[in-house]
Amino acid sequence: QVQLVESGGGLVQTGGSLRLSCAASGGTFSSYTMSWFRQAPGSEREFVAAISQNGVTTTYADSVKGRFTISRDNAKNTVYLQMNNLKPEDTYVYYCGAGPWAWIRRVSNYVYWGQGTQVTVSS
């Protein structure tokens, strides 16, 4: 019922910045906790950040804390991930997910997923 489409990925040098967007349609965006996860080939999808329905509460993986910022604009049905001071170890496909405020760091918490956007950070 909900479609999520990520955009904004690309190639950036170490220390650079990217801003990812996830646009939602087909549902009530403000009803969902939104999250960003990332995944490398052959690996499990791992938690990056999550934001509550009203945008007041955010939480981050330790690996990105202080560098990445999640935000949302409910009027535009969009969630963002501002990524600063990027490192080669941030090279993944990044996915957004929608679900309840429950097991927010677990993949299984999320009902809907986008198709992903590639982020590549060069040395």
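Rules used throughout
- Residues numbered from 1 in each chain as written.
- Predicted model: local features only at pLDDT ≥ 70, side-chain atom pairs only at ≥ 80, totals over all residues.
- Heavy atoms only, no water.
- Disulfide = S-S within 2.5 Å.
- Helix = DSSP H or I, 4+ residues; strand = E, 2+ residues; numbered from the N terminus.
- Buried < 20%, exposed > 50% of the residue type's maximum accessible area, 1.4 Å probe, protein only.
- Phe/Tyr/Trp six-rings, centres within 6.5 Å; stacked < 30°, edge-to-face > 60°.
- Lys NZ or Arg CZ within 6 Å of the ring centre and 35° of its normal.
- Pairing = 2+ DSSP bridges.
- Axes fitted to C-alpha atoms, helices over the stretch in contact; angles between N-to-C directions.

**What about the state of the cysteines?**
And step 1. Applying the stated criterion across every chain, the model contains one disulfide.
And step 2. Here Cys-22 connects covalently by a disulfide to Cys-96, the sulfurs 1.9 Å from one another. Given an S-S torsion of about 50 degrees, the disulfide between Cys-22 and Cys-96 has right-handed geometry. Taken together, the positions of Cys-22 in strand E3 (residues 18–25) and Cys-96 in strand E9 (residues 92–99) put the pair 74 residues apart, joining distant regions of the chain. Each member of the pair Cys-22 and Cys-96 is classed as buried.

**Thoughts on the packing of aromatic side chains**
Between two aromatic rings, the relevant description is the distance of the centres plus the angle of the planes.
And step 1. Summed over all chains, the structure comprises six aromatic pairs.
And step 2. Both rings, one in Phe-37 and one in Tyr-110, keep their centres 5.4 Å apart while their planes meet at 70 degrees; by these two values the pair is edge-to-face. Placement of Phe-37 in strand E4 (residues 33–39) and of Tyr-110 in the loop between E9 and strand E10 (112–113) is noted, with a sequence separation of 73 residues between them.
And step 3. You can call Phe-37 buried: its relative accessible area is 0%.
And step 4. On the basis of relative accessible area, Tyr-110 is assigned to the buried category, the value being 6%.
And step 5. Centroid distance Tyr-110 to Trp-113: 5.7 Å. Interplanar angle 65 degrees. Geometry classified as edge-to-face.
And step 6. Owing to a relative accessible area of 22%, Trp-113 belongs among the partly exposed residues under this scheme.
And step 7. Three or more aromatic residues link up through ring pairs in this structure, and these residues are Phe-37, Phe-47, Tyr-110 and Trp-113.
And step 8. The ring of Tyr-80 carries the charged tip of Arg-19 above its face, separated from the ring centre by 4.2 Å.

**Observations concerning the sheet that holds strand E1 (residues 3–7)**
And step 1. Read from one edge to the other, the open sheet built from four strands follows the order E1-E3-E8-E7, with strand pairing classed as antiparallel. Edge positions in the sheet fall to E1 and strand E7 (68–73), since each of these pairs with one other strand and no more. For this sheet, the mean inter-axis angle between neighbouring strands, taken without regard to orientation, is 15 degrees.
And step 2. Relative to E3, E1 is paired through five bridges, and the arrangement is antiparallel. Paired with Gln-3 across the two strands is Ser-25, which belongs to E3.

**Description of the pairing of E7**
And step 1. Burial along E7 is one-sided: Phe-68, Ile-70 and Arg-72 are buried, and none of Thr-69, Ser-71 and Asp-73, which face the opposite way, are.
And step 2. Bridge count between E7 and strand E8 (residues 78–83): six bridges; the pairing is antiparallel. In the strand pairing of E8, Ser-71 is matched with Tyr-80.
And step 3. The antiparallel hairpin formed by E7 and E8 contains four residues in its connecting segment, where Asn-77 sits at a positive phi of about 55 degrees.

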